[in-house]
Amino acid sequence: MCRTDQGPEPGEEQDVAATDAVFTSLLEDSTEELYEQAPCGYLSTLMDGTIAKINATLLGWLGLDRSRVVGRMRFTDLLTVGGKLYHETHFAPLLQMKGEISGIALDIKAAGKQRMPVLVTSKVKTSENGEPLLIRTTVFDARDRRAYEAELLRGRKAAEEARRRSEDDRARLQEALAALQQSLLPTELPAVPGLEAGSYYHTASPDLLGGDFYDLFPLDGGRWAFFLGDVCGKGPQAAAVTSLARYTLRAAALHDADPITALTTLNTVLHERYASGEGRYCTAIFGVLEPADDGHVGLHLASGGHPSALIKRADGSADYLPTPGGLLVGVLPQAPFTAARADLLPGDTLLLYTDGLTEARTGTGRELYGEDALRAFIAAHPPTGPKALITALSELLASFGDGLDDDTALLALGVPAPLPTPGSEDLT
């Protein structure tokens, strides 16, 4: 505890006296010595800039004798050419207007004809009646600061160059990925006699390859095959599965176009190809269109774990074509697939889509868009054919903004409505 009722212990007085002696010796520097050996340069000039006084520190930086400077040189004589220009155009006018100026970066001509960066602060000394008498100036060594700033500048330039190269590399990568993505899809849908077709592909990220795919191609006897699917995952491995699935389904259809048989063949190929490593699978719908003489088109399709197709009827109604129970393609050695049949009449449109559409997030609550909303949207759209429906759906996808975070493929197939014949409309 601290004792307040007793004097200092023996020896404490000697320690205090020794400490005072040390500080006293440090404070015995003369004013002249403090001025001459200060860690910065000091000088005083007349109002025309003639140097009247300068300390040893600044003389040492300049490599000059006092006799060559005092009364013989002006402050601007100590500066580089650029420093002189800045002094005449900025420094001197501001000093004259304000009476003081601080922290101005200049270069002086140091010893050995070297440029020495400094920071200069000047203040005008005035008489009692306000007349300017002389200018007092301090000069601080800014070499370390200039080196630091130069290093920062080099670092910034290096970072900007790295960012530019990164952006260029990313642009080239995106261009390559876009080209590869297009190679996994048909360049354009073929023209089908008596039918109309439309498609759309939305890429969620230009930096990743998607796994959605679709196709439409002819079979024998005037029949046409189509499929649409979604491979699990993204990137090069998903693209490899996409390519394998497309060519497998096309080859299988040429051998046996039965939808369940085609999906079974794809299931066998995927399971055997990826069973020994990381499992790869997909969802898919495969179908066959068979136009009839009476104008309708027979539809036979099968689904493997894929969202149900939706039919927009000529009367404006819309409903799903159920295919319950179909298993993901490639998960098991043998998988059940569900088939369904329907007729497409003039004005009807069949819509196939991947789940990027129905799983989009909407509203402030980020809720799933869902199948009910999609059916309502299709029902509200006039029965104007596949291409018009695809255009409306692409606009819907764009409206989701960042709520659409998965690739989405759309394929619409329909029977054109008959054109009105002359005289079929009432004239008023």
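Rules used throughout
- Starting from 1, residues in each chain are numbered consecutively following that chain's sequence as written.
- Only residues with pLDDT of at least 70 get local features here, since the model is predicted, and only at 80 or more are side-chain atom pairs given and counted; chain-wide, interface and lining totals rely on the full set of residues.
- To get the side-chain values, take all heavy atoms of the structure and skip hydrogens and water.
- The pocket and cavity definitions rest on a 1 Å grid over protein atoms only: a 1.4 Å probe that fits but cannot leave marks a cavity, an open set with protein on both sides within 12 Å along at least five of seven lines marks a pocket, and residues lining either have an atom within 4 Å of a point.
- Grid points are joined across faces, edges and corners, and a volume is the space filled by probe spheres set on the points.
- Residue polarity follows a fixed list, in which Ala, Val, Leu, Ile, Met, Phe, Trp, Tyr, Cys and Pro are nonpolar, Asp, Glu, Lys and Arg are charged, and the others, Gly among them, are polar.
- Any two rings among Phe, Tyr and Trp, with Trp reduced to its six-membered ring, count as a pair given centres within 6.5 Å; such a pair is stacked if its planes are under 30 degrees apart, edge-to-face if over 60, and tilted if neither.
- Remark: a charge is flagged as sitting over a ring if the NZ atom of Lys or the CZ atom of Arg is within 6 Å of the ring centre and within 35 degrees of the ring normal.
- Disulfides are defined in this document as cysteine sulfur pairs within 2.5 Å.
- Only protein chains enter the accessibility calculation, which uses a 1.4 Å probe; a residue whose area is less than 20% of its type maximum is buried, one above 50% is exposed, and one in between is partly exposed.
- Pairing between two strands is assigned when DSSP locates at least 2 bridges connecting them.
- Starting at the N terminus, helices and strands are each numbered in turn, a helix being any DSSP run of H or I of at least four residues and a strand any DSSP run of E of at least two.
- Expected helix span is taken as 1.5 Å per residue step, with the number of steps being one fewer than the number of residues.
- Salt bridge, as applied in this entry: a Lys or Arg side-chain nitrogen positioned within 4 Å of an Asp or Glu carboxyl oxygen.
- Axis angles are defined between N-to-C directions and span 0 to 180 degrees, where every axis is a line fitted to C-alpha atoms and, for a helix, only to the segment in contact.
- If an angle is under 35 degrees, it is roughly parallel; if it is over 145, roughly antiparallel; if it lies from 65 to 115, roughly perpendicular; otherwise it is oblique.
- Two helices that cross are described as forming a left-handed crossing if the nearer one is turned anticlockwise from the farther one by less than a right angle, and a right-handed crossing if clockwise.
- Here a residue-residue contact requires only that any non-hydrogen atoms of the pair lie within 4.5 Å.
- pLDDT measures how confident the predictor is about each residue, on a scale from 0 to 100.

Right, let's get into empty space enclosed by the protein. Enumeration over the complete set of coordinates arrives at 1 cavity of 30 Å³ or more. Put simply, the largest cavity is a space of about 50 Å³. The class makeup of the residues in the lining of the largest cavity is 4 nonpolar, 5 polar and 1 charged.

Another aspect to go through is the packing of aromatic side chains. Within the structure shown, the criterion is met by 6 aromatic pairs. An aromatic cluster of at least three residues, connected via ring pairs, comprises Phe 213, Phe 217, Phe 227 and Phe 286. Taking the ring centre of Tyr 247 as reference, the NZ or CZ of Arg 246 above it sits at 5.7 Å.

With that out of the way, let us pick up the state of the cysteines. Under the criterion given, the structure shown has 0 disulfides. A disulfide-free cysteine, Cys 282 has its sulfur positioned 9.8 Å from the sulfur of Cys 232, the nearest such atom. Relative accessible area serves as the criterion here: at 1%, Cys 282 is assigned to the buried category.

So, about the pairing of strand E2 (residues 51-54). By the bridge criterion, 3 bridges tie strand E1 (residues 41-45) to E2 in an arrangement that is antiparallel. If you follow Thr 45 over to E2, its bridge partner there is Ile 51. Between E1 and E2, which pair antiparallel and follow one another directly, the connecting turn spans 5 residues, one of which, Gly 49, has a positive phi of 95°.

Further remarks concern helix H7 (residues 236-255). An ideal rise of 1.5 Å per residue puts 28 Å on 20 residues; H7 measures up with 29 Å between its terminal C-alpha atoms. Those residues of H7 not exposed but buried are Ala 238, Ala 239, Val 241, Thr 242, Ala 245, Arg 246, Thr 248, Leu 249, Ala 252 and Ala 253.

Attention now moves to the pattern of salt bridges. According to the stated counting rule, one finds 14 salt bridges in the structure shown. The residue Asp 215 makes a salt bridge to Arg 250 at a minimum N-O spacing of 2.6 Å. With Asp 215 in strand E7 (residues 212-218) and Arg 250 in helix H7, the pair connects residues that are 35 residues apart, well separated along the chain. Taken together, the shared-partner salt bridges connect Glu 161, Arg 164 and Arg 165 into one network.

Below, the discussion takes up the layout of surface pockets. Approximately 380 Å³ is the volume found for the largest pocket. Looking at the largest pocket, it is lined by 22 residues, and the ones nearest its centre are Met 47, His 87, Ala 92, Leu 95 and Ile 135. Those elements that place two or more of their residues in the lining of the largest pocket are helix H5 (81-98), strand E4 (114-126) and strand E5 (132-141). The element contributing the most residues to the lining of the largest pocket is H5, with 7 residues. The residue makeup of the lining of the largest pocket, split by class, is 9 nonpolar, 10 polar and 3 charged.

Moving on, we get to the packing of H7 against helix H8 (residues 259-274). Two quantities define a packed helix pair, namely the angle between the axes and the distance from one axis to the other. Across the interface, H7 lies against H8 with an axial gap of 9 Å and an inter-helix angle of 140°. One way to sum up the angle between H7 and H8 is to call them oblique. With respect to the hand of their crossing, H7 and H8 are arranged in right-handed fashion. Taken together, the residues of H8 that come into contact with H7 (itself represented by Ala 240, Val 241, Leu 244, Ala 245, Thr 248, Leu 249 and Ala 252) are Ala 262, Leu 263, Thr 265, Leu 266, Val 269, Leu 270, Arg 273 and Tyr 274. Counted by class, the contact of H7 with H8 contains 12 nonpolar, 2 polar and 1 charged residues.

On to the confidence of the model for the protein. Considering every residue of the protein, the mean pLDDT works out to 87; 87% of them sit at 70 or more. Per-residue pLDDT, averaged within each element of the protein, yields its smallest value for helix H1 (residues 12-26) (63) and its largest for strand E14 (residues 349-353) (97).

This part covers the environment of Ala 252. Relative to the helices and strands, Ala 252 resides in helix H7. Since its relative accessible area comes to 9%, Ala 252 is described here as buried. Residues Ala 252 and Ala 262, spaced 10 residues apart in sequence, show a C-alpha to C-alpha distance of 5.4 Å. Excluding anything up to four places from it in sequence, Ala 252 contacts Ala 257, Ala 262 and Thr 265.

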